[in-house]
Amino acid sequence: MTGDISIIDPAGALLERSRQAVVFTGAGVSTESGIPDFRSPGGLWSRLQPIEFQDFMASEQARREAWRRKFELDAEIGAAQPNAGHRAIARLVAAGKVSHVITQNIDGLHQASGVPAERVIELHGNGTYAVCLSCRARHELADIKTGFETDGAPPVCHCGGIVKSATISFGQPMPVFAMRAAEAATLACDLFLAIGSSLQVYPAAGFPVLAKDNGARLLIINREPTPLDELADLVLHAEIGPSLIALTADAGH
Ligand code: NAD
């Protein structure tokens, strides 16, 4: 079933009936904070092809380009703050309605909006710091930036390992702990809210399907149609912030 803001009532009813819901977010939840998504017109992919993990590992030139882009993007969006959608989701978690927020986003804005870190499952990592791919040591972006601006060379760990932003690139293995946690949360919920994702990136987009197969209701909120709309119990093709404000007000949260 698809519709617009006029079906906030049925969406509120789904939420009200739920005993344990899970929120699953994509880049669309952060566009109202000024962070471009990937697939909308003007999104990141209309500007740049992603650098695949294999290329990052194989070529110093690719690593230099990845870090150049990273700092350029951070200069554009680094000061982004949580928006009304993030805050509505945080209220649902605080109210005990939502057990976990599974996110494909790497911006840390769910935590910044007040969702406790242990309730946020980051499927594609976190872009606010970096890690050594050999010894897993954490590296701070500010330190890397200083070095990069001095000699233009991509960072190397004290152990000699390659340092990469703590995000998951295409071609990089998914984080095992986060995937397991997301699966457990999905299997435990009776309502799965997929918000602001084109639902095209797998394996992440497999979680709404898993929830549905396991008997949960599926509610999708996204401006554009997704390939999983037909599977959903309810779809809102609407803006996320206003929809979540209306939905949480409707449900008294
Ligand atoms: P996507 O770009 O494929 O899809 C985003 C969807 O959100 C689109 O269908 C778009 O129509 C919708 N949308 C955008 N703004 C909206 C709004 N205000 N209201 C309603 N709908 C809106 O994003 P995805 O499905 O998350 O997949 C992209 C991948 O890119 C993810 O794996 C993620 O890791 C990464 N990414 C993350 C960020 C971030 O951390 N903020 C930003 C860009 C990309």
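What counts as what
Residues numbered from 1 in each chain as written. Predicted model: local features only at pLDDT ≥ 70, side-chain atom pairs only at ≥ 80, totals over all residues. Heavy atoms only, no water. Phe/Tyr/Trp six-rings, centres within 6.5 Å; stacked < 30°, edge-to-face > 60°. Lys NZ or Arg CZ within 6 Å of the ring centre and 35° of its normal. Axes fitted to C-alpha atoms, helices over the stretch in contact; angles between N-to-C directions. Helix = DSSP H or I, 4+ residues; strand = E, 2+ residues; numbered from the N terminus. Left-handed = near helix turned anticlockwise from the far one by under 90°. Contact = heavy atoms within 4.5 Å. Nonpolar A, V, L, I, M, F, W, Y, C, P; charged D, E, K, R; others polar. Buried < 20%, exposed > 50% of the residue type's maximum accessible area, 1.4 Å probe, protein only. Pairing = 2+ DSSP bridges. Right-handed = clockwise from strand over helix to strand, strands pointing away.

Engineer: Would you explain the packing of aromatic side chains in this entry?
Structural biologist: Considering all chains together, one arrives at 3 aromatic pairs under this definition. The structure contains a cluster of three or more aromatic residues connected by ring pairs, namely Trp 67, Phe 71 and Phe 148. Against the face of Tyr 129 rests Arg 138, its NZ or CZ located 4.1 Å from the ring centre. Lys 164 extends its terminal NZ or CZ atom over the ring of Phe 56, reaching a point 6.0 Å from the ring centre.

Engineer: Could you clarify how one ought to interpret the packing of helix H7 (residues 176-188) against helix H8 (residues 206-213) in this entry?
Structural biologist: A pair of packed helices can be characterised by two numbers: the angle between their axes and the separation between those axes. Interhelical geometry of H7 versus H8 gives an angle of 35 degrees and a closest axis separation of 9 Å. The two elements H7 and H8 meet at a crossing, and its hand is right-handed. Taken together, the residues of H8 that come into contact with H7 (itself represented by Met 179, Ala 182, Glu 183, Thr 186 and Leu 187) are Phe 207, Leu 210 and Ala 211. Of the residues contributing to the contact of H7 with H8, the split by class is 6 nonpolar, 1 polar and 1 charged.

Engineer: In this structure, what is going on with the pairing of strand S9 (residues 217-221)? I would like to understand it.
Structural biologist: Working note: regular strand, side chains alternate between the two faces of the sheet. Within S9, 4 of the 5 residues are buried, which leaves the element mostly enclosed by the surrounding structure. In the sheet, strand S8 (residues 191-195) pairs with S9 via 5 bridges, with the strands oriented parallel. Note on S9: the bridge partner recorded for Ala 194 is Ile 220. Handedness of the crossover joining S8 and S9 through H8 is recorded here as right-handed. Across 3 bridges, S9 lies against strand S10 (residues 234-236) in parallel orientation. Across the sheet, the residue bridging to Ile 220 is Val 235, located in S10.

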